[in-house]
Amino acid sequence: MRLAYLDWNATAPLRPEAAAAMTEALARCGNPSSVHRFGRDARRALEAARAQVAALVGAPAAAIVFTSGGTEANQLALRGITGRRLLISAIEHDSVRQAAPAAIVPVTRQGVMDLAALERMLAADPRPALVSLMLANNETGVVQPVAEAARLAHAHGALLHCDAVQVAGKLPLAMERLGADLLTLSAHKLGGPQGVGALVAAPELALAALQTGGGQERGRRGGTENLPGIVGFGAACAAAAQEVDGYAGVAHLRDAAERRLTAIAPEARVYGGDMARLANTLCLGLPGVPAATQVMALDLAGVMVSAGSACSSGKVRRSHVLDAMGVPPAEAESAIRISLGRSTGPADIDQLVEAWGALYARRQANAA
Ligand code: PLP
C-alpha cells in the first residue's frame, strides 16, 4: 500500500545530511570534556554543531544549551529561571503547561494570545514575571504575536520565553528581532534526530540547571553531551536554513487539501484558518465524527495524521488548544491535524482526500 505521511508536526523524517553527520559521529570515540586528541575532536564537532544551531536563530553560539529535546528545554526555561511568577498562554504545549504553576493568559477565538489580557495581568502584580508564549501552535499552526508580547513583558520588567519548536526551519527566525530572552528548539521537528533540542539563553542570563553533574554546557545542563544527536541536530539546522525561504511553497498543497476537504463536507471546520498560520498545518474538524475514527480510517488507507496533539502518549483526548479558543467540546473532539513537509507531494494530498472522502461518504450513507 502507498503510504502518505502527513504528521510532520509530530516528527519530521530524518534529513540525509543529519543521518550522515550522525553516522560519522557514531564511528568516532571521544568525550568532548577529555583533553586528549579524541576529546578535542569531539569538542570541535560539538562546537561546530552549536554554531550551526545558533546560526538558524541568529543567536551567539554561547547561548545554546543542548538538551534532550523541546520538552526539557521548556522545563529548563520555566524552572531554571527562578524567583519570577509565570504567565503562560492557554495554548502552550504540555511541556510548558506542566513545567510549573502558572497564570494562564487567554487566547482569542482565532487562537491568538490576547495581548490586552497579558498587559492587564502584567500590570496587576508588580512582582517580576516570566512570560511564555509559543511562536506557532503545534495543532492549529497559528502564529503568535511574540514580538509584541516581548515588548509588553519588557516594559513591565518581565522576561519572555518562546517555544519555537514548530517554527524553526519553517519561517526565518531571528531571536533578537523576536525580543525573546529564552527560545526552545527541538531537532526532530526540522529533520534532526529525536531526543535532542536546545534552549537558547544568553550566557549572562542566570539559569539554574535542572540536571547537575559534570558542569557541561557552562554548568547549565550536566551530563556528557549526546554528541551523535547534537551533530545530527546541527546538520539538520544547516540544511533547514538553506531551505527556509522556500518553505512557504508547501502552503499550495495544504490549501488544496483544505479546499478539497471542505468541498466534500461543507460542515467541516478549519481552526485558525483566517489567521497567519504555518504553511504546512491544517486543523480540521468534522462535527459528529470523533477524531479517533478519522485517524483510524485514514491509517487503514495508508494516510497518517494525528488527532489533536499527537505528542501525548498515543491517547486521543480533547485539545486544550481548541478548548481555549472556545470551540464547543463535541466539536473539538472531531478535530484532526494534517501537517505537511518538504517532501509532501500532490499524490499524498490525493490519497488523503480520497480516504477522507470515502469515510465521509460512508457516514452519510449510514445516516441516511
Ligand atoms: N513544544 C512544541 C510546540 C511541540 O510541538 C513539541 C513536540 O511535539 C514540544 C515542545 C516537545 O518537543 P520534544 O518532542 O523534542 O520533547
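How each quantity is defined
- Residues numbered from 1 in each chain as written.
- Predicted model: local features only at pLDDT ≥ 70, side-chain atom pairs only at ≥ 80, totals over all residues.
- Heavy atoms only, no water.
- Helix = DSSP H or I, 4+ residues; strand = E, 2+ residues; numbered from the N terminus.
- Rg over C-alpha atoms; globule rule 2.2 N^0.38 Å.
- Buried < 20%, exposed > 50% of the residue type's maximum accessible area, 1.4 Å probe, protein only.
- Contact = heavy atoms within 4.5 Å.
- Axes fitted to C-alpha atoms, helices over the stretch in contact; angles between N-to-C directions.
- Parallel < 35°, antiparallel > 145°, perpendicular 65-115°, else oblique.
- Left-handed = near helix turned anticlockwise from the far one by under 90°.
- Pairing = 2+ DSSP bridges.
- Polar contact = N/O pair within 3.5 Å; in protein donor to acceptor, adjacent residues only side chain to side chain.
- Salt bridge = Lys/Arg side-chain N within 4 Å of Asp/Glu carboxyl O.

Engineer: Give a description of the overall build of the protein that names residues and reports values.
Structural biologist: Of regular secondary structure, the protein possesses 13 helices and 13 strands. Over its C-alpha atoms the protein spans a radius of gyration of 21 Å, differing by no more than 12% from the 21 Å that the globule rule assigns to 368 residues. Considering only C-alpha atoms, the protein reaches an extent of 75 × 55 × 35 Å along its principal axes. Going through the 368 residues of the protein one by one, you find that 56% of them count as buried. Pairs at least 24 apart in sequence give 70% of the contacts found in the protein among residues at least 6 apart.

Engineer: A description of the packing of helix H10 (residues 291-300) against helix H13 (residues 346-367) should follow, citing residues and the corresponding values.
Structural biologist: Each packed pair of helices is defined by two parameters, the angle between the axes and the distance between the axes. Relative orientation of the contacting elements H10 and H13 amounts to 125 degrees, with a least axis distance of 9 Å. In terms of orientation, H10 and H13 fall into the oblique class. As for the relative orientation of H10 and H13, their crossing is right-handed in sense. For the pair H10 and H13, contact is made by Thr293, Gln294, Ala297 and Leu298 and by Leu352, Ala355, Trp356, Leu359, Arg362 and Arg363, respectively.

Engineer: Can you break down the sheet that holds strand S2 (residues 64-67) residue by residue, with the values?
Structural biologist: The strands making up a sheet associate through hydrogen bonds between their backbones, and the pairing can be parallel or antiparallel. An order of S2-S8-S7-S6-S5-S3-S4 is seen for the 7 strands of this open sheet, with the pairing classed as mixed. Looking at the sheet topology across the chains shown, the edges are occupied by S2 and strand S4 (103-105). If you compare each strand with its neighbour and ignore which way they point, the axes differ by 20 degrees on average. In terms of strand pairing, strand S6 (residues 159-163) meets strand S7 (residues 182-186) through 3 bridges, oriented parallel. Across the sheet, Cys162 pairs through a bridge with Leu183, a residue of S7. Its contacts with the sheet put helix H6 (residues 146-155) on strand S5 (129-132) and S6, and the angle it makes with S6 is roughly 160 degrees.

Engineer: Explain the side chain of His93 residue by residue, including any values.
Structural biologist: Tracing the sequence through the fold places His93 in the loop between strand S3 (85-89) and helix H4 (94-97). A polar contact of 2.7 Å, which involves the side chain of His93, links it to the side chain of Ser95.

Engineer: Kindly report on the pattern of salt bridges, identifying the contributing residues and their values.
Structural biologist: Pairing between side chains of opposite charge can happen when their charged atoms approach one another. All chains considered together, the criterion is met by 18 salt bridges. When the shortest N-O distance is used, the salt bridge between Arg15 and Glu243 registers 3.1 Å. In this pair, Arg15 sits in the loop between strand S1 (4-5) and helix H1 (16-27) while Glu243 sits in helix H8 (residues 227-243), placing the two residues 228 residues apart along the sequence. In this structure Arg15 comes out as buried when scored by relative accessible area, which is 5%. Its salt-bridge partner being Glu217, residue Arg50 comes within 2.8 Å of it at the nearest N-O pair. With Arg50 in helix H2 (residues 37-57) and Glu217 in the loop between strand S8 (197-201) and H8, this pair connects stretches of sequence that are 167 residues apart. Judged by its relative accessible area of 7%, Arg50 is buried. Exposure remark for Glu217: the relative accessible area of 8% places this residue in the buried category.

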